[in-house]
Every structure is written in C-alpha cells, then in structure tokens.
Amino acid sequence: MLCCDELQSLADADLLRVGAVHTLPPGRILNELDTEFFLVFGAERPSYVGLNYCPFCGRVVSRGLWNLEKKKQGK
C-alpha cells in the first residue's frame, strides 16, 4: 500500500514504478535520487523520474531523505 489513494492510482495505471533502480525495465533515468519511487514517461523506451516526495500528499518517499531525517532525530 502506498501513502495515498492518488499515488496508488498512478501505480495501478502503470505510471509509477516502485522498486530498486536496478529492477526497472530498460529506459532512461532522468535524475539521480536514492529512491524506489519513479514516475514513468513513454512506452517503447520509457524515461523514469525519481521522487523524493509524494506529489499528492507531500509525504517523504525516498530512502535518501528518510535516512537523513532518521539521522537528525538520532542526534
């Protein structure tokens, strides 16, 4: 389950991929973020855009930001 219904709808429509970057089907990754959430553009050779935040509810979804926040709380 994802953070909100809108993000789940994107995943159901195959416009969002959730998983490690090395498991994505062949395509172009347009940004370098430590995340497992990627918007998908195009069909034959898709392009992927990694997400730090959910575009609908604003929740942190990237591992990089989550780990950074966790480090701050430990100090």
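Conventions we followed
- Residues numbered from 1 in each chain as written.
- Predicted model: local features only at pLDDT ≥ 70, side-chain atom pairs only at ≥ 80, totals over all residues.
- Heavy atoms only, no water.
- Core = buried A, V, L, I, M, F, W, Y, C linked by side-chain atoms within 4.5 Å.
- Buried < 20%, exposed > 50% of the residue type's maximum accessible area, 1.4 Å probe, protein only.
- Helix = DSSP H or I, 4+ residues; strand = E, 2+ residues; numbered from the N terminus.
- Contact = heavy atoms within 4.5 Å.
- Pairing = 2+ DSSP bridges.
- Salt bridge = Lys/Arg side-chain N within 4 Å of Asp/Glu carboxyl O.

**Student:** Explain the nonpolar core residue by residue, including any values.
**Tutor:** Across soluble globular proteins, nonpolar side chains have a tendency to be buried as a group. Core analysis: the biggest nonpolar cluster contains 10 residues, these being Leu2, Cys4, Leu7, Leu10, Leu16, Phe37, Leu39, Leu51, Cys54 and Val61. Those elements giving two or more residues to this core turn out to be α1 (5-12) and β3 (37-41). What Leu2 contacts, discounting residues up to four positions off in sequence, is Leu7, Gln8, Ala11, Leu16, Val18 and Phe37.

**Student:** Report on the sheet that holds strand β2 (residues 28-29), specifying residues and quantitative values.
**Tutor:** Strand order in the open sheet formed by 4 strands is β1-β3-β4-β2, and the pairing between neighbours is mixed. Each edge of the sheet is formed by a strand with only one pairing partner; in this case those strands are β1 (16-18) and β2.

**Student:** If you had to explain the pattern of salt bridges to someone new, which residues and values would you point to?
**Tutor:** Enumeration according to the criterion identifies 3 salt bridges in this entry. A salt bridge links Asp14 to Arg17, with the shortest nitrogen-to-oxygen separation between them at 3.3 Å. Owing to a relative accessible area of 23%, Arg17 belongs among the partly exposed residues under this scheme. The salt bridge involving Glu36 is made with Arg63; its shortest N-O contact spans 2.7 Å. One end of the pair, Glu36, is in the loop between β2 and β3; the other, Arg63, is in helix α2 (residues 63-74), and 27 residues separate them in sequence. Residue Glu36 is classed as partly exposed on the basis of its relative accessible area, which comes to 29%. Given a relative accessible area of 35%, Arg63 falls into the partly exposed group. Put simply, Asp34, Glu36 and Arg63 are held in one network by salt bridges that share partners.

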